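This is what each chain is made of:
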Amino acid sequence: MIKIMRYLLIYLLLFMHTISNAQSYEKIHMDGVLVDTHNDILSKVVEDHVVFDTNLKGVTQSDLNRMRQGGIKVQMFSIFCDEHFGKGSAFSYANVELDSLFAIVARNPKTMQMVYSYKELMKAVKDHKLACMSGVEGGHMIEDNLDYLDSFYRRGVRYMTLSWNNSTSWSTSAMDETQHTFKVTPYGLNAFGKEVVKRMNHLGMMVDVSHIGEKTFWDVIATTNKPVLASHSSVYAICPVPRNLKDDQIKAIAKNGGVIQINFYSGFLDSTFFKKVESFVKIHKEEHDSLAALKKPEYLIQDYFARKYKTEYDNMRPPLSLLLDHIDYIVKLVGVDYVGLGSDFDGIDSAPKGLDGVEDYPKITEGLMKRGYSEKDIDKILGGNFLRVFKANDQ
Ligand SMILES: [Zn+2]
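Conventions and cut-offs
Residues numbered from 1 in each chain as written. Predicted model: local features only at pLDDT ≥ 70, side-chain atom pairs only at ≥ 80, totals over all residues. Heavy atoms only, no water. Donors = N, O, S within 2.8 Å, 3.2 Å for Na, K, Ca; no water. Helix = DSSP H or I, 4+ residues; strand = E, 2+ residues; numbered from the N terminus. Buried < 20%, exposed > 50% of the residue type's maximum accessible area, 1.4 Å probe, protein only. Phe/Tyr/Trp six-rings, centres within 6.5 Å; stacked < 30°, edge-to-face > 60°. Lys NZ or Arg CZ within 6 Å of the ring centre and 35° of its normal. Contact = heavy atoms within 4.5 Å. Core = buried A, V, L, I, M, F, W, Y, C linked by side-chain atoms within 4.5 Å. Axes fitted to C-alpha atoms, helices over the stretch in contact; angles between N-to-C directions. Parallel < 35°, antiparallel > 145°, perpendicular 65-115°, else oblique. Nonpolar A, V, L, I, M, F, W, Y, C, P; charged D, E, K, R; others polar.

Colleague: How do you make sense of the coordination of the zinc ion when you look at a structure like this?
Modeller: Each angle at a metal carrying four tetrahedral donors should ideally be 109.5 degrees, and each at a metal carrying six octahedral donors should ideally be 90 or 180 degrees. Protein coordination of the zinc ion is provided by Glu137 (OE), His211 (NE2) and His232 (NE2), with donor distances spanning 1.9 to 2.2 Å. Here the donor residues of the zinc ion share one chain and are spaced in sequence as E-x73-H-x20-H. One end of the pair, His211, is in the loop between strand S6 (206–208) and helix H9 (214–223); the other, His232, is in the loop between strand S7 (229–230) and helix H10 (247–256), and 21 residues separate them in sequence. Across this residue pair, the class does not change: His211 and His232 are buried.

This is the structure:
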């Protein structure tokens, strides 16, 4: 009898320990200021007509309610169009996406707020409203015109990714620099590109170094007088793809006082992911080729496949621990002050297992706690590091 009682007591204590642990990670998560610097839902709002402030579970990776569930306090919405938009169309398309953000915020005044400064951001967080800002993902949207850059700033754009996968006339992308689709030597930032960076510094718009080529990156580091942001990039040493940052780049960002916001895309976290996709495409070759023949871009084909062959696609997802490895790597290389989170949700067709959408953010905090991170360090990773960079730019 006593033996049974003892077992029961041990079981009860273990159970209570688990419960209190669960509570503490959730509390730490919800008490922190979680910032996500890259979410592509606005493209789906504009193109697929999804309504962000309704329940979109099973349809998208993000919606307003699930953002709140996931503990997001600050969201930077990505403003995006691809290289098919150029002079005469890219700037106006970007403004359509911005308009949609303003409309969403306007009809949810109790839960969302546009913020234009560090002070306003902190006030919105205190008022339990989702603080909303935006980032233009691709310098082609300013159409080589600094007035357009100023206009974006006035409309709440607080970072610009100098190039997307397509280079601009003034900055080369990682894609072009590595795949040599350019006939010229990678040229980095030209004189106008440097003017753009200086103008951004002057306005208080963060310079986003995600997507840009290495040559452009080093030109930016030499030009900027404010800390830079990598809004959605991961670690090259773990997953060597052109979109990720090499050790010397990570060190340069730390030296500059900037921050690297880890991208959740399986292909940027897991070095075996693209091989798995390749084998998958071989199985569905006929269908793939018929879509490619319609001139559908590869990223849209993969998005379509991810929906149609969900089980097969799910099997290719890496574990959540791999995302934590990317965070650990940066922490070990340069310290805990230079890493954060930039999911790329709704711009990616695959994320680690368990991260189905914005509602799953607490699992990252749980994982960090299990790895021994202190509450103070977790706060920095969730948003504190980003806030430092934003504050420094917003002066
Ligand atoms: Zn991107």
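Colleague: Would you mind showing me how to read the packing of aromatic side chains here?
Modeller: The description of an aromatic ring pair rests on the distance of the ring centres and on the angle between the ring planes. This model, assessed by the stated rule, comprises 21 aromatic pairs. Seen from their ring centres, Phe91 and Phe152 are 5.1 Å apart, and the 55° between their planes marks the pair as tilted. With Phe91 in helix H4 (residues 90–106) and Phe152 in helix H6 (residues 146–154), this pair connects stretches of sequence that are 61 residues apart. This pair shows no difference in class: Phe91 is buried, exactly as Phe152 is. The interplanar angle of 45° and the centroid separation of 5.9 Å between the aromatic rings of Tyr304 and Phe305 together place this pair among those described as tilted. Every member of this aromatic cluster is reached through a ring pair, and the members are Phe280, Tyr304, Phe305, Tyr309 and Tyr313. Between Arg158 and the ring centre of Tyr153, over which it is positioned, the NZ or CZ distance is 3.7 Å. Across from the ring centre of Tyr236, 4.9 Å away, lies the NZ or CZ of Lys246, which sits over that ring.

Colleague: Please explain the side chain of Gln61 as it appears in this structure.
Modeller: Relative to the helices and strands, Gln61 resides in the loop between helix H2 (41–47) and helix H3 (64–69). Overall, the relative accessible area of 12% leaves Gln61 in the buried class. Apart from residues no more than four positions distant in its own chain, Gln61 is found in contact with Arg66, Phe345, Asp346, Gly347, Ile348, Asp356, Gly357, Val358 and Glu359.

Colleague: Help me understand the nonpolar core in this model?
Modeller: Here is a general trend for soluble globular proteins: nonpolar side chains tend to be buried in one another's company. Core analysis: the biggest nonpolar cluster contains 97 residues, and Phe152, Met160, Leu162, Phe264, Ile327 and Ile364 have the highest contact counts within it. At 8 residues, H4 tops the list of elements feeding residues into this core. Residues in contact with Phe152, not counting those within four places in the same chain, are Phe91, Ala94, Asn95, Leu98, Val136, Met141, Ile142, Val157 and Met205. By size, the runner-up hydrophobic cluster in this structure holds 18 residues, among which are Val74, Leu121, Tyr159 and Met206.

Colleague: Mind showing me how you'd approach the packing of H4 against H6 here?
Modeller: The angle between the axes and the distance between the axes are what describe a pair of packed helices. Axis separation between H4 and H6 bottoms out at 12 Å; the angle between their running directions is 0°. The pairing of H4 with H6 is recorded here as roughly parallel in orientation. Contacts between H4 and H6 involve Phe91, Ala94, Asn95 and Leu98 from the first element and Tyr148, Ser151 and Phe152 from the second. When the residues that make up the contact of H4 with H6 are grouped by side-chain class, the tally is 5 nonpolar, 2 polar and no charged.

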